[in-house]
Structures are given as C-alpha cells and as structure tokens.
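Understanding the architecture of this molecule
Chain residues, written in single-letter form:
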Amino acid sequence: MNRLMISPLAVLSATLIAALPAAAQGSGKIKVGLMLPATGTFAALGTAIENGFKLYVAEQGGKLGGREIEYFKVDDESDPAKATDNVNKLVKRDNVDVLVGTVHSGVAMAMARVAKETGTLLIVPNAGADAITGAMCAKNIFRTSFSNWQPGYAMGVVAAQKNYKRAMTITWNYAAGNEMVKGFNEGFEKGGGKVMKDLTLPFPNVEFQALLTEIAAQKPDVVFAFFAGGGAVKFVKDYDAAGLRKTIPLVGTGFLTDGTLEAQGASAQGLITTLHYADNLETPRNEAFRKAYALTYKANADVYAVQGYDAAQLLGAGITLVRGDISRRDDIVLAMRKTIINSPRGKLAMSTAHNPVQDFYIREAKGKNNESVGIAVKALADPARGCKN
Ligand code: BEZ
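Residues numbered from 1 in each chain as written. Predicted model: local features only at pLDDT ≥ 70, side-chain atom pairs only at ≥ 80, totals over all residues. Heavy atoms only, no water.

1. Digging into unusual backbone geometry
Selection criterion: Strands here are runs of E lasting at least two residues and helices are runs of H or I lasting at least four, both read from the DSSP assignment and numbered beginning at the N terminus.
At the junction of Gly101 and Thr102, the peptide bond is cis and its omega measures out at 0° in the coordinates. Along the polypeptide, Thr102 turns up in the loop between β4 (98-100) and α4 (105-118). Residue Phe203 is joined to Pro204 through a cis peptide bond whose omega torsion reads -5°. Tracing the chain through its elements places Pro204 in the loop between β8 (194-201) and α7 (209-218). The phi dihedral of Glu77 falls on the positive side, at around 60°, and the residue is not glycine. Looking at the secondary structure, you find Glu77 in the loop between β3 (67-75) and α3 (83-93). Despite not being glycine, His354 shows a phi value in the positive range, around 75°. Relative to the assigned elements, His354 resides in the loop between β13 (346-350) and β14 (356-366).

Shown next, in the form of structure tokens:
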C-alpha cells in the first residue's frame, strides 16, 4: 500500500473525530448477525472468518466502542436459493444491528439486496461479487476482502509479464468464477496474451476429468483457475495426478492454495497465485496476529481469518467514534469510510465504493505457507463500474 496515499486520510479521520458532537455512551449489547457457511465446500472459510472476527473482539475485551457484542448465527450453506430467507432470519427475526457475511458471491448478493431494502449495515468479509461495490453499492454496505475483478486482474498482469502467450481458464460457473476469469482475461490481454478458451463446470461440482482432458489436448502455455475450499483441494490434486503440472503451468487467484496447503500436499508446492495477503509478511502486525490466532484456535491463520478480523476492526472504528450509540448510523458510516485499518495484510483504505484499495502480492506455495515473492500490482482499486456512491 502506498503510504503517501494514506496519511492525508488518517489526518482527515482525526479531524472528523474532533468535529463530531460528543455522544452519550450507548448501552446494552450490539447484535451482530453472522451469516456464513458452516457446511459444504466453503465451510472452513466460514469458520476462519468467524474466528478472525471474534479474535479482534476478544482482544478488545469482548466489546466494540464500549458495547458488548452478542452474536446471532445462520449457516447459509453457500446456497443462493436459501439466501433471502436466511438473511431475513437475522434481520427480521433476530433484529440484528449489523450483518456480517458471507463467502459465496451469489449468497452475498441476496444479503446486499436485503441490506439495501432495510438499511441494515452490512460488512462483507469475503464474497467478491463485483456488483456489491459496483452497480449495487450503497452507503450502508462495506467489504473488507476484495472484488472478484481485483485478484483475477492481478494474476493476468503477472501471467503476461511471465511471457505466457496462450491461456485457458477453468472455474465454477457462478459470479466469483466468471468475474475472476474476466479480470484475468483483462490483465492478460492488456499485457499481450490471448485467452484461447474459458472452461466452466457448475458450482460446487468437482468432476474435473473431462475438462482436464480438453486442457491436455489444447496445450495452452498456462492455465488460470479459480476454485476455493474443498473444491480447490480436489482440483489441484487432480491437475497434478493428470500429469499436467509437468507440462502446463497452473496459476490462479490465491484462493486456490489459501487454507488448503496441508490437504493438497505435494501437488500444490511451488504454485504461483496472486492475493491481497501472504502468510510470511514480516510486519509486527501480521506476526502478532498470526501468533494470537494460532494460540487461540490451534490453527494457522489464512486470508479468510484476516478478512474476518478486519471486518471487526472496521465495525469497531465506526462504533468507537459514536461511543457505542448505534443509532447514529450516518456518523458510523462516515467513520468506517474514512478509517485506515491496520490490517495484518498492510494498511487498508476504503474506496468511495467501500471496497479495499490494496496491494496484490505474488505468492508461491512453500511448505504450509503462501509466501510473498513480490508485488503483482500496488494499491489496486476496483473500477467500481456503475457505483454512484
Ligand atoms: C466468492 O464466491 O465470492 C468466493 C468464494 C470463495 C473464495 C473467494 C470468493
């Protein structure tokens, strides 16, 4: 992240805090609705996000802005067909103050629609659906992760720099896959490459064999893939078992290897991906975060844990400014817009569309870690096409 860009905003934040009227301390618990997958191919991602969120709150003594946090939970199963009913359980039945979710882009779109209709504050800690901070952007909707376009575009830039000329892509046929592929194609073709064919299969199908056979027959210079969670484990293993790694390099957005390296074993070693986080960032913030996470959960932190942790930090910035008075919605939103989050990934600023402006790392899978081996694109902002915030 370009620090020169950040310091004026930090100053603005401080000015903003000074300018706002002093608030009475709010009382009672703040109700946070966690809508995440607890089952299915993205279950581990949901757990890591919840762990990250709760870790930050626990570090603040269980409170944000002086108010205790009470959690309400729904397992969204990464099922878009159940998404509207599920989010309404939190908004209408549990009457939550804030919604936090989710992993799957299609489910998150339903959450964004309900948030827009009801004015409920929504923080998206993973799902990258471009429209959430694009055509559907809204004052009350924030994201602490990425837009699908961002990591895809970054990998396209890197693949072109590596001098690959002919690429094939493979992913699940839903918003996240299609939009990451679109971003990859944009970056790759801008750098002089040509995408021969985009291959897809339905989410969350993992029968890759027919598509791998087609890749072997077409012999591209490189294959770009988006899969995550359980699907990523199976894809990386199948690609290797088919003998393709020896002849056709595999690259992807970092979800291909994040939180999955132990299960993927040797088949993932050396894979190059792009993402807004790498395990080995040698900053005191990242090192302290990883240590606390490992101690608390007996597991290694991954990008999903970071995004959950930062969702809590972002909410904390808003609620602290109003000293816990959750009714001061406009002031909370303004504070969240202007805050600079001290994230384990580096300093994080929100765009006017409420999506992170952040560095994208080139990572290499080494042992149990995705290690940064360079920067793909610095301070990359989503184009936020159609956003009128
Ligand atoms: C998505 O559906 O937006 C998504 C899911 C898993 C990892 C990254 C993105």
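Still more ground to cover, so stick around.
2. Description of the confidence of the model for the protein
In regions of low pLDDT, the predicted coordinates are not meant to be interpreted in detail. Selection criterion: Think of pLDDT as the predictor's per-residue confidence, scored from 0 to 100. Here, two residues are considered to be in contact whenever any of their heavy atoms come within 4.5 Å of each other.
Averaged over every residue, the pLDDT of the protein is 94; residues scoring 70 or more account for 94%. Of the regions scoring below 50 in pLDDT, residues 1-19 engages in 26 contacts with residues more than four places distant in sequence or in other chains.

3. As for the pairing of strand β5 (residues 121-124)
Heads up, the rule is: Burial here depends on accessible area, computed with a 1.4 Å probe over protein chains only, as a share of the maximum for the residue type. Under 20% is buried, over 50% is exposed, and the range in between is partly exposed. By this definition, two strands are paired if DSSP reports at least two bridges between them. Assignment of crossover handedness uses the view with strands pointing away from the viewer, where a clockwise path from the first strand over the helix to the second indicates a right-handed crossover.
Burial of the side chains of β5 extends over both faces: Leu121 and Ile123 are buried on one face and Leu122 and Val124 on the other. With 3 bridges joining them, β4 and β5 adopt parallel strand pairing. When the sheet's bridge partners are listed, Leu99 is paired in β5 with Leu122. Once the chain exits β4 it traverses α4 before rejoining the sheet at β5, and the crossover so formed is right-handed. In terms of strand pairing, β5 meets strand β6 (residues 141-143) through 3 bridges, oriented parallel. Residue pairing for β6: Leu122 is matched across the bridge by Ile141.

4. Concerning the environment of Tyr71
Note that Tyr71 resides in strand β3. As a C-alpha pair, Tyr71 and Lys31 span 40 residues in sequence and 6.0 Å in three-dimensional space. When sequence neighbours within four positions are dropped, the list of residues in contact with Tyr71 reads Val32, Leu34, Phe53, Lys54 and Val57.

5. Quick notes on the sheet that holds β6
Overall, mixed pairing links the 6 strands, which are arranged β2-β3-β1-β4-β5-β6 in an open sheet. Whereas interior strands pair on both sides, the edge strands pair on one side only; in this sheet they are β2 (63-64) and β6.

6. So, the state of the cysteines
Threshold: Disulfide: a pair of cysteine sulfur atoms within 2.5 Å of each other.
Tallied over the entire structure, the rule returns 1 disulfide. Through a disulfide, Cys137 is tied to Cys387; the S-S separation comes to 2.2 Å. One disulfide, between Cys137 and Cys387, carries an S-S torsion of 85° and so falls in the right-handed class. Here Cys137 is found in the loop between β5 and β6, whereas its partner Cys387 is found in the segment after β15 (369-380), with 250 residues between them in sequence. An identical accessibility class is assigned to Cys137 and Cys387; each is buried.

7. Some thoughts on the packing of aromatic side chains
Here is the rule we go by: Ring geometry is summarised as follows: Phe, Tyr and Trp rings, the Trp one being its six-membered ring, pair when their centres sit within 6.5 Å, and such pairs are stacked at plane angles under 30 degrees, edge-to-face over 60 and tilted between the two. Whether a charge lies above a ring is judged from NZ of Lys or CZ of Arg, which has to be within 6 Å of the ring centre and within 35 degrees of the ring normal.
This structure, assessed with the given rule, holds 21 aromatic pairs. For the ring pair Phe226 and Phe255, a centre distance of 6.0 Å and an interplane angle of 85° mean the geometry is edge-to-face. Within this pair, whereas Phe226 is found in strand β9 (residues 222-226), its partner Phe255 is found in the loop between β10 (250-253) and α9 (261-264), the two being separated by 29 residues in sequence. In this structure, Phe226 and Phe255 share a single accessibility class: buried. Three or more aromatic residues joined by ring pairs form one cluster here, namely Phe42, Phe146, Trp172, Tyr174, Phe203, Phe208, Phe226, Phe227, Phe235, Tyr239, Phe255 and Tyr304. The ring of Tyr71 carries the charged tip of Lys54 above its face, separated from the ring centre by 4.7 Å.

8. Concerning the site of the ligand
For clarity, the cut-off: Proximity criterion: a residue is near a molecule or strand once any of its heavy atoms comes within 4 Å of it. Pairing of N or O atoms within 3.5 Å defines a polar contact, subject to two protein rules: one partner must be a possible hydrogen donor and the other a possible acceptor, and residues neighboring in sequence count only if both atoms are side-chain atoms. What sets the accessible areas is the Shrake-Rupley method with a 1.4 Å probe; for residues, cover comes only from the shown protein chains. These domain limits were set by an automatic method or by a database of domain assignments.
Of all residues adjacent to the ligand, which total 16 residues, the nearest are Val103, Ser105, Gly128, Tyr174 and Ala176. Tyr174 has a polar side-chain atom sitting 2.6 Å from an oxygen atom of the ligand. Relative to its free-state accessible area of 260 Å², the ligand is covered by the protein chains to the extent of 100%. Both domain 1 (8-146 + 280-357) and domain 2 (149-275) contribute no fewer than three residues apiece to the shell around the ligand.

9. Some points on the packing of helix α5 (residues 149-161) against helix α6 (residues 175-190)
The condition that has to hold: With axes taken as lines fitted to C-alpha atoms, and helix axes fitted only over the stretch in contact, angles between N-to-C directions fall between 0 and 180 degrees. Under this scheme an angle from 65 to 115 degrees is roughly perpendicular, one under 35 degrees roughly parallel, and one over 145 degrees roughly antiparallel; angles in between are oblique. Whether a crossing is left-handed or right-handed is set by the direction in which the near helix is turned from the far one by less than a right angle, anticlockwise for left-handed and clockwise for right-handed. In this count, Pro and Cys sit with the nonpolar residues alongside Ala, Val, Leu, Ile, Met, Phe, Trp and Tyr, while Asp, Glu, Lys and Arg are called charged and the others, Gly among them, polar.
Two numbers describe how α5 lies on α6: the axes approach to 6 Å, and their chain directions differ by 30°. In this view, α5 runs roughly parallel relative to α6, as classed from their interaxial angle. For the pair α5 and α6, the sense of crossing is right-handed. For the pair α5 and α6, contact is made by Trp149, Gly152, Tyr153, Met155, Gly156, Val157, Ala159 and Ala160 and by Glu179, Met180, Gly183, Phe184, Glu186, Gly187, Phe188 and Lys190, respectively. Partitioning the contact of α5 with α6 into residue classes produces 9 nonpolar, 4 polar and 3 charged.

10. Concerning the domain arrangement of the protein
Definition in use: A 1.4 Å probe defines the accessible area here, and the buried area is the portion of it lost by two parts on being joined, summed over both. Any carboxyl oxygen of Asp or Glu that lies within 4 Å of a side-chain nitrogen of Lys or Arg is treated as forming a salt bridge with it.
For the protein, the assigned domains are domain 1 (8-146 + 280-357) and domain 2 (149-275). One C-alpha centre belongs to domain 1, the other to domain 2; they are set 29 Å apart. Approximately 1300 Å² of surface area, both sides summed, lies buried where domain 1 meets domain 2, with 59% of it carried by carbon and sulfur atoms. When the area that domain 1 buries against domain 2 is broken down by residue, the three leading residues are Thr41, Asp130 and Phe146, summing to 37%. For the interface between domain 1 and domain 2, the tally reads 0 salt bridges. Connecting domain 1 to domain 2 are 7 residue pairs in polar contact (both at pLDDT 80 or more). For the side of domain 1 that touches domain 2, the per-class residue count stands at 7 nonpolar, 8 polar and 2 charged.

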